[in-house]
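Chains, contacts and geometry: an overview
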Amino acid sequence: MPYLASDKIAVIDLATGSVEELPLSEELLNSRIGGAAVAQALYAEHEEGDPLVLGAGLLTGTLLSGSSLGLISGKSPRTGALAHAPLTLYAGLEIKYSGFDYIVIKGRSAEPVYLWVHDGIADIEPAAEIWNADVWTATQEVRKAMGDELIQTLVAGPAAVAGSPLGQVMINFWASGDRFGLGSALAAKNVKLVALRGMGLIEINDPEAYVAACVGLLGELKSGGWAGKKGLMDLAAGLGEADFAAWLAPLAHRHRAGFNTPFAANTFVFLEGDPKELKEPAAPEPGVLLTDLDAPLSLMKLGLDAKEACAIIRDCAKAGLDAAGLAELAAAGGVKDAAGVRGLMSAGDAPASGPAGPFSPCAPDKAAFADFGQGGPEWWRRRMALAYVFGLDPVFALMSPQIDEAKLIELAEVGAGLSIAPATLEQVLSGLAG
Amino acid sequence: MGIKIDPGKCTACMACELACGYHRDDAFALLSACIIAYRARELKDYFGVVLKEEDTLVIARPEGLEVKRIGAVEEDQGEADASAKPMLLREPCDLCADREGGPLCQTVCPVDAIYQG
C-alpha cells in the first residue's frame, strides 16, 4: 500500500448512479507522482465521460509547510482545454483524508444531486431542494443535514447553474482559484456540490525522518521574506501594488491561512460592524473572505471604493461567480463604476479569452518576497506544475525557493516511499507545463 | 510550564493540530489531537485554538484567552464541539514528553503563535 495515500480512487458515473472503487496503482504513482499529473491521466482514461477529477498532491495534508493543495481538473468551459484549478483553504485537506486519493466524476445525472464523500465512502444524494440555492445557503443546508460544521463543500452556485462561463467552483462560502468556469462544468453534470469530510489516517514511510525534514525546512522558510507578513495587503505590496493596502485597510479584519500554509493569503473584510472588533460579531454575515488578490485589485483599478468592490465580491461569492473574471470583463468594456459592474453579473458573458495554459492565474505571475534567480512565463508554469503535483499552495510556492525540486524528491522518498528519478520528474512537469 | 497561545498571531492553519495528531498516532491524523483550531464560524471570521490540558480547557479566542475547568466545561460544552471527536474525550497535552525538542505544535507553528511559559 502506498504511503501518504488512501490507496483508493472513486469513479462516480452519474449517468448510471454507480460508484466504483479502484486501487491507486503503483504504476500510476511511479509514472505520474501525484496531483495534477495523476488527474491528467485519469482525465484521459475517462475522457468519454467528460470527467471532472478531484484530487490532492502527493504531499498534501502533511507537515510540509504549504501542503494545502487540492485540485479540480476538467475541460474548461472558458478555454475548451484541460485545466487544473487549485482548491486551498481546508478543501485539499479534506480530499486527502476523505478516504479517496482521487475522485473521478463522469457522465451526467438525470436529476440534481450532490456527492457526499467521507471516510472512504462516496454517496450520490438528491439535491433538488438546494439546486437553486445560493452558495452560502447550499453549504449551510448540507452541513445542517449532516450535523457537521466542518464539512468542506465545493459548490456550483446560481451562476454556474445558469451556465455562465464564469461559474466558479466555490469552497464553502468563498472563491476558489477556479478561473476556468469549472463550477459550470460541475453544474452541467447536474451536480450542485461535493461535500467532503476526512477523518482518515495517513501512514508515513519513515515518520521520524519525514517530520524532521519538514521541521528543518520550516526553519529555513521562516527566514524568508514573507515572515512577519500576512494577508492580501502585504501580498499586494510585495508584488509592487503600493496603493492597495491603504484602499483595503479600513475594512480589513483578520487574515486566514490555508491548511499548514505559513503565509496567510486570505483577508476577511467587514462590510458591517467594526473590523477592529475582535469579539464574535453579532451580525451573522458581516463580510466576506477575500481569497484572491486579482478581484479586489482589479476593481480598485476600475475606480471603485473598497466597500463597493467588496460588496460585489460578496455577491459573487453567493452567486458562485468568478469575481476576478467579472472585473476583467468590466475593464475590457470600459466600465468604471459599481452599477456598471453589477450590470454585468447576470449577463452570462466572459472575457474574450480564458486563462492561457492549464494552471489558474489566481497565483501571481511572479515571485513574491523571494528571489528564485529566474522568472518569466516558462519558469512560472514549471513552478505551478511542481506545486500542483506535490500539493503546494500555489501562492506560497511563489514565496518559497527553499522548497525546490530536489527537496520535494527527498520528501517524496522519505514520506511516500516513492523514488523519483530526475528524468521522471522532468517528464511529469513537462507533460503538465508544456 | 505549559503551552501558551497568542490568538492574535494565529492564522488557523492547523499545523499544530496535525502535529499533535502525529505525536499521538505516528501517522498523520487529526482525531486524537489535544490542540485544535476551531474554525466552524467562518462566516463571522471567528476562529481560534482550543487546548486540552490535564484539568483545564484553554480557549484562545481572538479577543483573549479563557481557561475553563474541565468539570465546568462539561456543564456548558464550551467551544468543544465543532470537531468529530469532542475535546473532552481526547488525551490531555503531555508537552510531547518523549520528544527532545519539546512540544511539536510549538515547533511547527509557522507564525510563533504557540510558546511555552
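Located above this text is the structure these notes cover.
An account of the accompanying structure is given in this report. (Residues numbered from 1 in each chain as written. Chains lettered and ligands numbered in written order. Predicted model: local features only at pLDDT ≥ 70, side-chain atom pairs only at ≥ 80, totals over all residues. Heavy atoms only, no water.)

So, on to empty space enclosed by the protein. All names here are of chain A. In total, this model carries 9 cavities of 30 Å³ or more according to the counting rule given. For the largest cavity, the calculated volume is near 260 Å³. Around the largest cavity sit 24 residues that line it, and Thr-88, Asn-266, Thr-291, Asp-393 and Val-395 are the ones nearest its centre. (1 Å grid on protein atoms, 1.4 Å probe; cavity = no way out; pocket = protein on both sides within 12 Å on 5 of 7 lines; lining within 4 Å. Points joined across faces, edges and corners; volume = space filled by probe spheres on them.)

Often, the extent of an interface is quoted as the loss of accessible area on bringing the components together. Facing the 55 residues of chain A at the interface are 41 residues of chain B. Across the chain A to chain B interface the summed buried area is about 3,900 Å²; carbon plus sulfur atoms make up 61%. Broken down residue by residue, the surface that chain A buries against chain B is led by Arg-254, Arg-256 and Glu-280 of chain A, which jointly contribute 18%. Taken together, chain A and chain B are joined by 6 salt bridges. (Contact = heavy atoms within 4.5 Å. Buried area = accessible area lost by both parts, 1.4 Å probe. Salt bridge = Lys/Arg side-chain N within 4 Å of Asp/Glu carboxyl O.)

By volume, the largest pocket is sized at about 500 Å³. Forming the walls of the largest pocket are 23 residues, and the residues nearest its centre are Arg-179, Asp-294, Ser-298, Pro-361 and Ala-363 of chain A. Secondary-structure elements contributing two or more residues to the lining of the largest pocket are α10 (294-302) and α12 (323-332) of chain A. Looking at the lining of the largest pocket, the element that brings in the most residues is α10 of chain A, giving 4 residues. Here the second largest pocket is characterised by a volume of approximately 330 Å³. Glu-208, Val-211, Ala-212 and Val-215 of chain A together with Tyr-22, His-23, Asp-26, Cys-96, Asp-98, Arg-99 and Leu-104 of chain B are the residues that line the second largest pocket. The element that contributes the greatest number of residues to the lining of the second largest pocket is helix α7 (residues 207-221) of chain A, accounting for 4 residues. Taken together, the residues that form the lining of the second largest pocket break down as 6 nonpolar, 1 polar and 4 charged. (Helix = DSSP H or I, 4+ residues; strand = E, 2+ residues; numbered from the N terminus. Nonpolar A, V, L, I, M, F, W, Y, C, P; charged D, E, K, R; others polar.)

All names here are of chain A. Remark: α7 packs on helix α15 (residues 405-416), axes separated minimally by 8 Å, with the N-to-C direction vectors making an angle of 155°. The orientation of α7 relative to α15 falls into the category roughly antiparallel. The handedness of the crossing between α7 and α15 comes out as left-handed. In this structure, α7 contributes Ala-209, Tyr-210, Ala-213, Cys-214 and Leu-217 to the contact, and α15 contributes Lys-407, Glu-410, Leu-411, Val-414 and Gly-415. In terms of residue class, the contact of α7 with α15 is built from 7 nonpolar, 1 polar and 2 charged. (Axes fitted to C-alpha atoms, helices over the stretch in contact; angles between N-to-C directions. Parallel < 35°, antiparallel > 145°, perpendicular 65-115°, else oblique. Left-handed = near helix turned anticlockwise from the far one by under 90°.)

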